[in-house]
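The lines below spell out each chain.
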Amino acid sequence: MAGMLYLVPTPIGNLGDISKRARETLESADFIAAEDTRVTLKLLNHLELKKPLVSYYEHNKSFKGEKILDRILAGETCALVSDAGSPAISDPGEDLVKQCAAAGIPVCAIPGPCAAITALSISAQSTGRFCFEGFLSTAKKSRREHLDSLKKEQRTMIFYEAPHKLLNTLQDMAEVFGADRPISLCRELTKLHEEIWKTTLGEAVEHYRANDPRGEYVLVMAGAPAGEDADAGLTLEQAAHRALELTGQGFGPTAAAKAAAQGTPYSKSEVYKQLLVLQQGQQAGE
């Protein structure tokens, strides 16, 4: 009989945030799959637990995922953890969960710490409707395309960002959304030097041009004002990139072009033709 995969959230800063159930799950698991075994070992030492550890991270997930799956299918239970927060959220654990679903292996998620929700709750931004955008690309072109696709988004947006990328990200955000767009920068959450700064994109850019960012950040940005016609300013190529993203989410080319053309000055056929150009370019580069 197959075992089970447990998703176990770990503290995002304060070790006291580990729950009793999370500890019990780690203790009862046959082995633990960890993003960084050194980080997880420190947590296990704090909990006075000894468990076999295997590494599972972005650059080894292809072959390590199969090995983990084989062990679970053989009857073992695996606890999956990331370095901090909930595994499978902006995390390679997403792939392992999909593999388990395809193999009919049950997956159990243990509730616990999550940086995105913690930051949202204290951001003073609207919490009724929000979207999680995770980490932006390190490549400027891809990062701008991602941000451009969110110009008309009215929900509160949540991003993760590393300190060495923060200024570039804020500068791009200010150019895309305007310097006056409200944003809350949340850093070192649950740690001794926790800081929540409610400001605007323009002010944030000026501040970090003069001051080096420190710590991991969660950015909680206000959505576009209701009725703002941001899509009218899209270029045809930007609209086509939006359609390309939709095809990656399962939309057919025609449906993707139709959805991407809404609110823009371009017809469905114009976006569709440009989408084909982008797809051909992708195939040529493979």
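Visitor: Break down the overall build of the protein for me, with residues and values.
Guide: Of regular secondary structure, the protein possesses 11 helices and 10 strands. Each of the three principal axes of the protein carries a C-alpha extent, and together these read 60 × 45 × 35 Å. When each of the 286 residues of the protein is scored for burial, the buried share is 45%. Residue pairs in contact within the protein that sit at least 24 positions apart in sequence constitute 72% of those at least 6 positions apart. Summing over all exposed atoms, the protein offers an accessible surface of approximately 14,500 Å²; the carbon and sulfur share of this is 51%. Treating the 31 positive side-chain charges of the protein as one cloud and the 37 negative ones as another, the clouds have centres 1 Å apart.

Visitor: Any details on helix α9 (residues 236–248)? Residues and values, ideally.
Guide: The end-to-end C-alpha distance of α9, which contains 13 residues, comes to 19 Å, matching closely the 18 Å that a straight helix rising 1.5 Å per residue would cover. For α9, the set of buried residues is A239, A240, H241, R242, A243, L244, L246 and T247. Following α9 by one or two positions, G250 adopts a phi angle in the positive range, close to 110°.

Visitor: Requested: an account of the pairing of strand β10 (residues 217–221), with residues and values cited.
Guide: Among the 5 residues that make up β10, 5 are buried, leaving the element largely enclosed by the rest of the structure. Residues Y217, L219 and M221 line one face of β10 and the alternating positions V218 and V220 line the opposite face, and both faces are buried. In the sheet, strand β8 (residues 182–187) pairs with β10 via 5 bridges, with the strands oriented antiparallel. Bridging across to β10, I183 finds its partner in M221.

Visitor: Go over the environment of P182, please, and point to the residues and values.
Guide: Take P182: it is sitting in strand β8. Note on P182: relative accessible area 36%, which makes it partly exposed. Sequence separation of P182 and L167 is 15 residues, and the distance between their C-alpha atoms is 16 Å. The residues touching P182, leaving out its near neighbours within four places in the chain, are Q125, T199, T200, M221 and A222.

Visitor: How would you summarise helix α6 (residues 140–148) if you had to cite specific residues and measurements?
Guide: What α6 keeps buried is the set R143, H146, L147 and D148. In this fold, the buried residues of α6 make contact with β6 (130–135), β7 (156–161), α7 (166–177) and α9.

Visitor: Would you mind going over the packing of α6 against α7 in detail, with residue names and values included?
Guide: Look at α6 against α7: their axes get within 10 Å of each other, and the N-to-C directions meet at 40°. The angle between α6 and α7 falls in the class oblique. Seen from above, α6 lies across α7 with right-handed handedness. The segment α6 lies against α7, with K140, R143, R144, L147 and D148 engaging N168, T169, D172, M173, E175, V176 and F177. For the contact of α6 with α7, the class distribution of residues is 4 nonpolar, 2 polar and 6 charged.

Criteria and cut-off values
- Residues numbered from 1 in each chain as written.
- Predicted model: local features only at pLDDT ≥ 70, side-chain atom pairs only at ≥ 80, totals over all residues.
- Heavy atoms only, no water.
- Helix = DSSP H or I, 4+ residues; strand = E, 2+ residues; numbered from the N terminus.
- Buried < 20%, exposed > 50% of the residue type's maximum accessible area, 1.4 Å probe, protein only.
- Contact = heavy atoms within 4.5 Å.
- Areas by Shrake-Rupley, 256 points an atom, 1.4 Å probe, with all protein chains shown as cover.
- Lys, Arg positive; Asp, Glu negative; His and termini not counted.
- Charge placed at Lys NZ, Arg CZ, Asp CG, Glu CD.
- Expected span 1.5 Å × (residues − 1).
- Pairing = 2+ DSSP bridges.
- Axes fitted to C-alpha atoms, helices over the stretch in contact; angles between N-to-C directions.
- Parallel < 35°, antiparallel > 145°, perpendicular 65-115°, else oblique.
- Left-handed = near helix turned anticlockwise from the far one by under 90°.
- Nonpolar A, V, L, I, M, F, W, Y, C, P; charged D, E, K, R; others polar.

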